[in-house]
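A structural walkthrough
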Amino acid sequence: MRLGVLTGGGDCPGLNAAIRAVVAGASQKGYEVLGIRKGWEGLLTRDAVPLTWEDVEGIASIGGTLISTSRTNPARSPEATSTALENAERLGLGALVAIGGDDTLGAASHLQDRGLRCIGIPKTIDNDVGATDATIGFDTAVNVAMAAIDRLHTTARSHERAVLVEVMGRDAGWVALHAGVGAGAHMILIPEVEVNTESMAHYLVNRKRQGYTYAIIVVAEGVKRDGHQGLPDDKTVDEFGHPLLGGVTRIIADEMERISGIQTRYTILGYIQRGGTPTLFDRFLASRYGLAAVELASQGMFGHMVALRGRDIVSVPLADAVSKPRLVPRELYEGLSPLWLPDGTPLGPIPPGTPREWLPGPHPI
Ligand code: F6P
């Protein structure tokens, strides 16, 4: 059999370990592997390279993806879908291993329904693919984000100011929650729980009133505040219809400073979270996933995705994996909130008796 392998969507650390494991598993079974370059784009343009053990040996420790990636969507039109199916046939693919998040796996499920035999491997730093406990890349991203947030404490404390730090997470707040809890943030904002900028500003005032001199607030880029998500005037969307989100924290920080009068700075971690060396957890998970995906192909379990359940690798129908994202449950978020509201610091309104200098307003403090 000739197996295709591709990586689609945002890159993340651990993809190379998965590609390497697919090649290792395939060569043990006597299968050939063809790397489809730049995600689904490579299938639309027949941009493919043979992959042998020599090509992938030693790449498990390297971030990014050897075969590149893109956000091309083969399901964007009936023509694109037919081109993808025709090219898969011309390339002689017996099956295709698609390594991706909900968009890439959704496209795999779409092509599977139209005759291309697909196996999925879940990856995304957002960790929001349904039907699996873990995606490749999340562990590295949260460790990078946590280490960065750790560093913000000293500078925020020295200047007695609030610092907002934006992490990735379009629909799910897993990165914000894990990195924020790990780094002892004073507040964590996630897309699943809408916030009101004014009560966030009041939170700063209330916190200061209790004698705390600084605050670190972790913001997931997809946070919904005052009824909006993302940058107010940006209508740009990718091929899967997702708006570009990064940067909203500047608006939130400016607004919080204006209302509270407390000096508020922000920093955006952005692509630093997706780059660099994968952690052991991601390398190990990716290696298990890669081998398990080849095993599924050999058993004819097409239309399935490998998944982690507890400590076990299992297989789940692709359709189930993409039917709904894995979001942060409200009970988990609220259950952790004593970590950032230890004294019950209210989010608002400001209690009576607050000294004049702590009252909201554009005065320096
Ligand atoms: O892959 C997921 C993700 O990292 C999201 O958290 C983020 O919104 C998006 O990718 C950014 O994507 P791009 O690389 O297209 O800017």
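Everything below is about the structure printed above this text.
An account of the accompanying structure is given in this report.

Thresholds applied
- Residues numbered from 1 in each chain as written.
- Predicted model: local features only at pLDDT ≥ 70, side-chain atom pairs only at ≥ 80, totals over all residues.
- Heavy atoms only, no water.
- Pairing = 2+ DSSP bridges.
- Helix = DSSP H or I, 4+ residues; strand = E, 2+ residues; numbered from the N terminus.
- Axes fitted to C-alpha atoms, helices over the stretch in contact; angles between N-to-C directions.
- Contact = heavy atoms within 4.5 Å.
- Buried < 20%, exposed > 50% of the residue type's maximum accessible area, 1.4 Å probe, protein only.
- Expected span 1.5 Å × (residues − 1).
- Near = heavy atom within 4 Å.
- Polar contact = N/O pair within 3.5 Å; in protein donor to acceptor, adjacent residues only side chain to side chain.
- Areas by Shrake-Rupley, 256 points an atom, 1.4 Å probe, with all protein chains shown as cover.
- Nonpolar A, V, L, I, M, F, W, Y, C, P; charged D, E, K, R; others polar.

1. What about the sheet that holds strand β11 (residues 264-268)?
With respect to topology, 4 strands assemble into an open sheet ordered β7-β8-β6-β11, the strand pairing being parallel. At either end of the open sheet lies a strand with only one pairing partner, and these are β7 (187-189) and β11. Averaged over all adjacent pairs, the angle separating strand axes in this sheet is 20 degrees, with direction ignored. Strand direction decides the pairing type here: β7 and strand β8 (residues 215-220), joined by 3 bridges, are parallel. Across the sheet, residue L189 finds its bridge partner in β8, namely V219. Against the sheet, helix α8 (residues 197-209) touches β6 (162-167), β7, β8 and β11, its axis set at about 160 degrees to β8.

2. Focus: unusual backbone geometry
Of note in the backbone geometry, K38 takes a positive phi value of approximately 60 degrees without being a glycine. Relative to the assigned elements, K38 resides in the loop between β2 (32-36) and α2 (40-45). Taking the relative accessible area as the measure of exposure, K38 reaches 30% and is therefore partly exposed. In this structure, R46 is a non-glycine residue whose phi angle is positive, near 55 degrees. Position of R46 among the secondary structure elements: in the loop between α2 and β3 (48-51).

3. Some thoughts on helix α4 (residues 78-90)
Its 13 residues give α4 an end-to-end C-alpha distance of 18 Å, which sits within 8% of 18 Å, the value for a rise of 1.5 Å per residue. Where α4 is buried, its residues meet α2 and α5 (102-113). G92 sits one or two residues past α4 and shows a positive phi near 70 degrees.

4. Quick look at the pairing of strand β5 (residues 118-122)
For β5, the buried fraction is high: 5 of the 5 residues fall into the buried class. The two faces of β5 match: C118, G120 and P122 on one face and I119 and I121 on the other face are all buried. The sheet contact formed by strand β4 (residues 95-100) and β5 spans 5 bridges and is parallel. Paired with V97 across the strands is I119, a residue of β5. Two strands pair when backbone bridges link them, and β5 and strand β12 (residues 304-309) are joined in this way by 2 bridges, in the parallel orientation.

5. Things to note about the sheet that holds β3
If you trace the 7 strands from one edge of the open sheet to the other, you get β3-β2-β1-β4-β5-β12-β13, paired in mixed fashion. Both outer strands of the open sheet, β3 and β13 (312-317), are each paired with one neighbouring strand and no more. Pairs of neighbouring strands in the sheet enclose a mean axial angle of 30 degrees, with direction left out of account. Its contacts with the sheet put α5 on β1 (2-7), β4, β5 and β12, and the angle it makes with β4 is roughly 160 degrees. Strands in contact with helix α10 (residues 280-298) are β1, β4, β5, β12 and β13; relative to β12, the strand with the most contacts, it is inclined by about 140 degrees.

6. Remarks on the site of the ligand
Taken together, the neighbourhood of the ligand is formed by G10, R71, T124, I125, D126, M168, G169, E221, Y271 and R274. At 2.7 Å, a side-chain N or O of R71 approaches an oxygen atom of the ligand. Here R274 contributes a side-chain N or O atom positioned 2.7 Å from an oxygen atom of the ligand. With the chains in place, 80% of the 400 Å² that the ligand exposes on its own is no longer accessible. Broken down by class, the residue content of the shell around the ligand amounts to 3 nonpolar, 3 polar and 4 charged.

From the geometry alone we can't say anything about function, so treat these as descriptive.
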